[in-house]
Amino acid sequence: MFELRRLRLLHELALRGTLAAVAEALSYSPSTISQQLALLEKEAGVALLAPDGRRVRLTEHGRVLAAHAARALDLDEQARGELESLAPGLAPVRVAVMQTATLALLPAALGLLTDRAPGLRVELVQLPPEEGLFELTARGVDLVIAEQYPGHTRAHVGGLEREVLGTDPIRLAVPPADAAGSLHELRERAWAMEPAGTAARQWAVQQCRAAGFEPDVRFELADLTAHASLVAAGQAVAVLPDLLWAGTPAPVRLLDLPGRPAREVFLAQRTASRGRAGIAEVRRALRDAFAVTRSDPGP
């Protein structure tokens, strides 16, 4: 009989690639991870790991058992969901949120949950959508608030399901006294953008290229409030989503981009957690909070 906690370690190793990454994610020491995987090998009766330079890799037996481990973890989560629906009290829900959701949605959603499910513990971690969706697969979080930009759809991963909350307009942000009226007029300006490799950065660069220029990205920052501050101070221009303002007056001048694009904001969770009542409550609160932001006239 396999021990489920050890199966999870094998599943984590298959996802994260190194013992050090597994140890960091689960707050264990690498030696503890190695010891537990050695015990799992004894339970399996076959070699699950093989040396690969200074690291280890999964053997063919290890890959097979890791796939079974993922299914076992799904069944465990489904069972817990059914028990939760029958018993009083709700299990904690850990949510990965992108920055604009933290600013615009979480205060209202947590207020709703205080009234609707006062005993529910909600834990938040701010992560870019790319990392949040990975942690969802790895069971580091239970729910993710993420986005995808027009023409930059995110891969649909098996075992995960999505619910679209709605769309969020993306507009050009320029300093308050700036006379520019179009994206093309900003070809010589300094830009603030998110880090390279993110969907937001790729999309913003493509907008500039479509307007006939390569942006001069002088400020590469993940914090969108820093983008707004730089723009307000006259030091940069940027493309920013409306959720950043959360219904408050924007400290910058906002211009529509060609075609008035909008990103899609969505929730994602594991299909196996569908029966968890706590997750359903959090989703409902976020849905209602998003609807309030859309009914606000905004900046």
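So, how was this worked out
The residue numbering used here restarts from 1 in each chain and proceeds along that chain's sequence as written. Selection of residues for local features in this predicted model requires a pLDDT of at least 70, selection of side-chain atom pairs for listing and counting requires 80 or more, and totals for whole chains, interfaces and linings are taken over all residues. Hydrogens and waters are ignored; side-chain quantities use all the structure's heavy atoms. Numbering of helices and strands runs from the N terminus; a helix is a DSSP stretch of H or I covering at least four residues, while a strand is a stretch of E covering at least two. Only protein chains enter the accessibility calculation, which uses a 1.4 Å probe. A residue is then buried if its area is under 20% of the maximum for its type, exposed if over 50%, and partly exposed in between. Only heavy atoms matter for contacts: two residues are in contact if any of them lie within 4.5 Å across the pair. Working definition of accessibility: Shrake-Rupley area with a 1.4 Å probe, residue cover restricted to the visible protein chains. His residues and chain termini do not enter the charge count, which takes Lys and Arg as positive and Asp and Glu as negative. Here the site of a charge means NZ on Lys, CZ on Arg, CG on Asp, or CD on Glu. Strands are labelled as partners when DSSP assigns at least two bridges between them. Here a crossover is taken to be right-handed if, once the strands point away from the viewer, the path from the first strand over the helix to the second is traced clockwise. The criterion for an aromatic pair is that two Phe, Tyr or Trp rings (for Trp, the six-membered ring) have centres within 6.5 Å, with stacked assigned to planes under 30 degrees apart, edge-to-face to planes over 60 apart and tilted to the rest. By the criterion applied in these results, polar contacts are pairs of N or O atoms within 3.5 Å in which, for protein atoms, one can donate a hydrogen and the other can accept it, and in which residues neighboring in sequence qualify only through two side-chain atoms. When we speak of the arc, we mean the arc of directions from the helix axis to the C-beta atoms. Here, the term nonpolar core denotes a set of buried Ala, Val, Leu, Ile, Met, Phe, Trp, Tyr and Cys residues that are joined through side-chain atoms within 4.5 Å. Fitted lines through C-alpha atoms serve as axes, helices being fitted only where they are in contact, and the angles separating the N-to-C directions of these axes extend from 0 to 180 degrees. These descriptions rest on fixed angle ranges, namely under 35 degrees for roughly parallel, over 145 for roughly antiparallel, 65 to 115 for roughly perpendicular, and the rest for oblique. Crossing chirality is assigned from the near helix's rotation relative to the far helix, an anticlockwise turn below a right angle marking it left-handed and a clockwise turn marking it right-handed. Classification convention: Asp, Glu, Lys, Arg as charged; Ala, Val, Leu, Ile, Met, Phe, Trp, Tyr, Cys, Pro as nonpolar; all other residues, Gly among them, as polar.

### What about the overall build of the protein chain?
Within the protein chain, the regular secondary structure consists of 10 helices and 11 strands. Taking all 299 residues of the protein chain together, the buried fraction comes to 44%. Within the protein chain, contacts between residues at least 6 apart in sequence are counted, and of these 75% link residues at least 24 apart. Looking at the protein chain as shown, the accessible area adds up to about 14800 Å², and 54% of this sits on carbon and sulfur atoms. Across the protein chain, 33 positive and 36 negative side-chain charges occur, with their mean positions spaced 2 Å apart.

### Section: the pairing of strand E8 (residues 216-220)
As paired elements, strand E7 (residues 190-193) and E8 share four bridges and run parallel to each other. The partner of Met193 across the bridge, within E8, is Glu220. The handedness of the E7 to E8 crossover, carried by helix H8 (residues 199-210), is right-handed.

### What to know about the packing of aromatic side chains
Tallied over the entire structure, the rule returns two aromatic pairs. Aromatic side chains Tyr149 and Trp203 sit 5.5 Å apart centroid to centroid with 40 degrees between the ring planes, which places their arrangement in the tilted category. Residue Tyr149 is located in the loop between strand E5 (143-148) and strand E6 (160-174), and its partner Trp203 is located in helix H8; the two are separated by 54 residues in the primary sequence. For the ring pair Trp191 and Phe213, a centre distance of 6.3 Å and an interplane angle of 35 degrees mean the geometry is tilted. Taken as a pair, Trp191 in strand E7 and Phe213 in the loop between H8 and E8 lie far apart in primary sequence, 22 residues in all. Residue Trp191 is classed as buried on the basis of its relative accessible area of 0%. Residue Phe213 is classed as buried on the basis of its relative accessible area of 7%.

### Let's talk about the side chain of Arg270
As for its position among the elements, Arg270 is in strand E11 (residues 262-270). A distance of 2.8 Å separates the side chain of Arg270 from the side chain of Glu77, its partner in a polar contact. If we ignore the near neighbours within four places in the chain, the residues touching Arg270 are Glu77, Leu136, Arg139, Val141, Asp142, Gly159 and Leu160.

### Points about the environment of Ile145
Inspection of the secondary structure puts Ile145 in strand E5. Ile145 sits 77 residues away from Ala222 along the chain, and the two C-alpha atoms are 16 Å apart. In contact with Ile145, not counting residues within four places along its chain, are Val95, Ala96, Val97, Met98, Ala101, Leu106, Val265, Phe266, Leu267 and Leu286.

### Focus on helix H6 (residues 106-116)
Inspection of H6 places Leu106, Ala109 and Leu113 among the buried residues, and these make up the whole buried set. When H6 is viewed along its axis, its buried side chains cluster within an angular range of 65 degrees and face the same direction. Along H6, exposed side chains directed more than 90 degrees from the buried face belong to Pro107, Thr114 and Asp115.

### Things to note about the nonpolar core
If you look at the biggest cluster of nonpolar residues, it comprises 24 residues, and the most contacted ones within it are Val95, Leu105, Leu143, Ile145, Val265, Val282 and Leu286. Taken together, the elements giving at least two residues each to this core come down to strand E3 (93-97), helix H5 (99-104), H6, E5, E11 and helix H10 (277-295). With six residues, the single largest contributor to this core is H10. The residues contacting Val95, other than those within four sequence positions of it, are Val122, Glu123, Leu124, Val125, Leu143, Ile145 and Val282. If you look at the next biggest cluster of nonpolar residues, it comprises 19 residues, including Leu183, Trp203, Val205 and Val237.

### Details of the packing of helix H1 (residues 4-16) against helix H3 (residues 30-44)
Packing of H1 against H3 brings their axes to within 9 Å, and their N-to-C directions diverge by 110 degrees. By the angle between their axes, H1 is roughly perpendicular relative to H3. Between H1 and H3 lies a crossing whose hand is left-handed. Judged by residue contacts, Arg6, Leu7, Leu9, Leu10 and Leu13 of H1 engage Ile33, Gln36, Leu37, Leu39, Leu40 and Glu43 from H3. Broken down by class, the residue content of the contact of H1 with H3 amounts to eight nonpolar, one polar and two charged.

In short, the description is geometric, and any link to function would need to be established separately.
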